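# Notes for the structure review
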Amino acid sequence: WIRAAVGALKNLSVDEESKDEISKKDGLAVLVALLNHKDRVIGGKSAECLGNFASEDVYRTKIRELDGVRLLLALLEPGVPDEARLAAVGAVLNLAVEDESKQVIREIGGISKLVPLLNASL
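This text gives an overview of the structure that appears in the document. (Residues numbered from 1 in each chain as written. Predicted model: local features only at pLDDT ≥ 70, side-chain atom pairs only at ≥ 80, totals over all residues. Heavy atoms only, no water.)

### A few points about the packing of helix H3 (residues 27–34) against helix H4 (residues 40–53)
Operational definition: Angles shown run from 0 to 180 degrees and are taken between the N-to-C directions of axes, each axis being a line fitted to C-alpha atoms and, for helices, limited to the stretch in contact. Only runs of H or I of at least four residues qualify as helices and only runs of E of at least two qualify as strands under DSSP, and these elements are numbered from the N terminus. An angle below 35 degrees is read as roughly parallel, one above 145 as roughly antiparallel, one from 65 to 115 as roughly perpendicular, and any other as oblique. Each crossing gets its handedness from the near helix: less than a right angle anticlockwise from the far helix is left-handed, clockwise is right-handed. Here a residue-residue contact requires only that any non-hydrogen atoms of the pair lie within 4.5 Å. Residue polarity follows a fixed list, in which Ala, Val, Leu, Ile, Met, Phe, Trp, Tyr, Cys and Pro are nonpolar, Asp, Glu, Lys and Arg are charged, and the others, Gly among them, are polar.
One can describe the packing of H3 onto H4 by two numbers: an axis separation of 8 Å at closest approach and a directional angle of 135°. In terms of axis orientation, H3 runs oblique to H4. In this structure, the crossing between H3 and H4 has a hand that is left-handed. Contact residues: H3 offers Leu-28, Leu-31, Val-32 and Leu-34, while H4 offers Ile-42, Gly-43, Ser-46, Cys-49, Leu-50 and Phe-53. Residue composition of the contact of H3 with H4, grouped by class: eight nonpolar, two polar and no charged.

### Brief notes about the packing of helix H1 (residues 2–12) against H4
With their axes 9 Å apart at the nearest point, H1 and H4 run at an angle of 15° to one another. Judged on the interaxial angle alone, H4 and H1 are roughly parallel. Remark: the crossing between H1 and H4 carries left-handed chirality. Contacts from Ile-2, Arg-3, Val-6, Gly-7, Leu-9 and Lys-10 in H1 reach Val-41, Ile-42, Lys-45, Ser-46, Glu-48, Cys-49 and Asn-52 in H4.

### Let's talk about the packing of aromatic side chains
Rules: Two rings belonging to Phe, Tyr or Trp (six-membered ring only in the last case) form a pair when the distance between their centres is within 6.5 Å. Interplanar angles under 30 degrees mark stacking, angles over 60 mark edge-to-face geometry, and anything in between is tilted. Categorising residues by exposure relies on relative accessible area from a 1.4 Å probe, with only protein chains included: less than 20% of the type maximum marks a residue as buried, more than 50% marks it as exposed, and the intermediate range marks it as partly exposed.
Enumeration over the complete set of coordinates arrives at one aromatic pair. On the basis of an interplanar angle of 85° and a centroid distance of 5.0 Å, the ring pair of Phe-53 and Tyr-59 is categorised as edge-to-face. For the pair formed by Phe-53 and Tyr-59, the shared burial category is buried.

### Focus: the environment of Glu-48
Tracing the backbone through its elements, the reader meets Glu-48 in helix H4. Relative accessible area serves as the criterion here: at 33%, Glu-48 is assigned to the partly exposed category. Sequence-wise, Glu-48 and Leu-31 are 17 residues apart; in three dimensions their C-alpha atoms are separated by 9.9 Å. Not counting residues within four places of it along the chain, the set of residues in contact with Glu-48 comprises Lys-10 and Ala-87.

Structure representation (structure tokens):
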């Protein structure tokens, strides 16, 4: 049921009103926490959802504050299913449009996790 719920939130989070409601119900914090779920499919779906949120300044800040950047980068490790890795890269892409997020990505070694993916078949 968690997979289905995260999937539904991913689809809903393309809408501004839904993003606002999800955020008000502490959904962003739960989605960030789910990045570390033992079921990597759930982590990947959470990353997709966070990628939708990361298209807006206010949510990028919140994702950074919740340690979401570090958890997204952790999904780039070898052995993580390709779908989850792809979703994490997409979220990092959306986060990296602003200087504050770029700095955090660099400081926690994000570039060294992204560059090897250039040789991977995702």
